[in-house]
Amino acid sequence: MRISMDIELKDVPGQMLLALQPLSECRANLITVVHHHQKRTPRNTMPVQLVLETRPENLELLKARLEANGIRVVRVGEQRFRESVSVVLIGHVIHTGIQDTIDRIDKTGFAEVVDLSLSMPGIEKPSSALIKIDAVGKEELQKALAILREVSAKKDLLMVLPIGIQA
Amino acid sequence: MKTIRTSIIGFGAIGQGVAEVLLLKKEYLRSLGLEVRVVAVADSKGATFNPNGVDLAKCLVRKRETGTVALEKLSGLELIKRLDHELVIETTPTNIETGGVGLQNMRAAFETGKDVVTSNKGPLTLKYGELQEAAKAAGSKFRFEASVGGAMPIINLVNEVLAGNEVKGIKGILNGTCNYILSRMLEEKASYKDILAESMELGIAETDPSYDVEGIDTACKLVILANALFGLDATYNDVEVTGITKITPDALEMAQENGYVIKLIGEVSRKGLQVAPRLVPIKHPLAVGGTLNVASVDTELAGEITVTGKGAGPIETASAILSDLISIYREC
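A quick note: this is a predicted structure, and the numbers were derived from the prediction, not measured. (Residues numbered from 1 in each chain as written. Chains lettered and ligands numbered in written order. Predicted model: local features only at pLDDT ≥ 70, side-chain atom pairs only at ≥ 80, totals over all residues. Heavy atoms only, no water.)

Enquirer: Before we move on, can you summarise the domain arrangement of chain B with the specific residues and values?
Expert: Residue and element names in this part refer to chain B. Each assigned domain of chain B is listed with its residue range as follows: domain 1 (2-150 + 314-331) and domain 2 (157-310). The C-alpha-based centres of domain 1 and domain 2 are spaced at 27 Å. Between domain 1 and domain 2, the contact holds 16 residues from the first and 19 residues from the second. Both faces combined, the contact of domain 1 with domain 2 buries some 1300 Å², and carbon together with sulfur accounts for 66% of it. A per-residue breakdown of the area domain 1 buries against domain 2 is headed by Thr-125, Tyr-128 and Val-148, which together make up 38% of the total. Here domain 1 is connected to domain 2 by three salt bridges. (Domains from an automatic or database assignment. Contact = heavy atoms within 4.5 Å. Buried area = accessible area lost by both parts, 1.4 Å probe. Salt bridge = Lys/Arg side-chain N within 4 Å of Asp/Glu carboxyl O.)

Given below as structure tokens:
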């Protein structure tokens, strides 16, 4: 299962290694690390967000090992996506390989296509799709949209974004 | 009573609308201490003039019956140069490639020290900086509220009513034809082609609709807003433009099921100028239907201010021209 985890590191060298070691020992697959260098918690620690894949039965052990290494685990949750956007695509969405478009976004690890509606009025006619993309944060959402924009340009698809959002 | 000798150069739908409004508002203008005396009216075939004032009612009848107001073989440009008057109301058709006769008319007006009120987007899109310089050098007033959004106040709203506010950005629907087509496609679940044909029949879309549906008209208006309200010297080439021709009824329906409408939105800020179809939340103030125009101004002190109104139509556009005229001469 894919989970997000907020941890806190002390501001001394070698802390990141102490955080990553238990992950490897528990065979968790690390997908993203967001390291907030400039931020400090009231406890004067540095917040770090992790997204990882692990077996549910390993989770408790992982937490215990992190804490044994002096790493504070503040939050563990499956609800890792905080930003969401709907995008309409118009053109030869199917023929140009919608799966490939979705894969490119899913592969990032920080964003996912969570919903897809599709309409195909007939061969040779342009189809329309509405996709919803979730991402772990605003910056990641922008990155996912940049990928979508690049793919759309290559496949000659019209991309319709909500107002206030740039790709 | 202050007499303002005026020419109406360009006597198509908008020029005629101006004539009607001036007739209708004669007494009102007098109550403000203004007598607007139209000394010349010109269309593409010729002109009529009289230093003591032409009969506007007769001009309207003659135009309707014969297709032209002309009694003399004289161009608007010649009248601007030769006839003594204070104000040129420039309502010739927009030409965004060369600026058309409108550009020559405005240059001539400033060269001869006249004020200009216009609805013509072409010269403003191409030569904004030059025209403003010429107006300034001549000590002339130059107003063009009617060029963006017809009756919907936007330029004067920001420059006068919201004076003192820094404007961070403006976005809106600035083309009634596109708004009509997208609104109707959703209502009827009909194709772009079918609704375009309907719009042409109703006279909402031009015989050559590309200027509207390709987003060119919206882009021109954005350029005017960028120059007039952000102090830029932008031209059409600075705008990233996508039109509505690829929008499908399916896309509109899917958007609706997810709480959105698709609208052709023009956006201007210091970051750039962009025209593109956009998803607008159904309950958002920009989600207006039919042929309406709407603009949302993001200001530093007042926050977001949204105005909506009729973007086209002879009387509506003439209303913006009238308000420019009054604001020029009432204040001095």
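Enquirer: I'd like a rundown of the pattern of salt bridges, residues and numbers included.
Expert: Across all of its chains, the model carries 29 salt bridges over all chains by this definition. B:Glu240 is paired through a salt bridge with A:Arg149; the nearest N and O atoms lie 3.2 Å apart. Pair noted here: B:Glu240 is in strand β8 (residues 239-241) and A:Arg149 is in helix α4 (residues 138-154), and the two residues belong to different chains. The class of B:Glu240 is partly exposed, set by a relative accessible area of 42%. The salt bridge involving B:Arg5 is made with B:Glu86; its shortest N-O contact spans 2.5 Å. Linking B:Arg5 in strand β1 (residues 2-9) with B:Glu86 in the loop between α4 (76-82) and β4 (87-90), this pair joins segments that are 81 residues apart in sequence. The exposure class assigned to B:Arg5 is partly exposed, which follows from its relative accessible area of 24%. Take B:Glu86: its relative accessible area is 26%, and that puts it in the partly exposed class. (Helix = DSSP H or I, 4+ residues; strand = E, 2+ residues; numbered from the N terminus. Buried < 20%, exposed > 50% of the residue type's maximum accessible area, 1.4 Å probe, protein only.)

Enquirer: Can you break down a nonpolar patch on the surface residue by residue, with the values?
Expert: Residue and element names in this part refer to chain A. There is a patch of nonpolar side chains on the surface, built from Leu-20, Leu-30 and Val-33 and spanning about 190 Å² of accessible area. Among the secondary structure elements, Val-33 is positioned in strand β2 (residues 29-35). A residue is classified by how much of its surface remains accessible, and Val-33, at 37% relative accessible area, is partly exposed. (Patch = residues over 30% accessible without salt bridge, like charges linked within 9 Å, V, L, I, M, F, W, Y side chains within 5 Å. Areas by Shrake-Rupley, 256 points an atom, 1.4 Å probe, with all protein chains shown as cover.)

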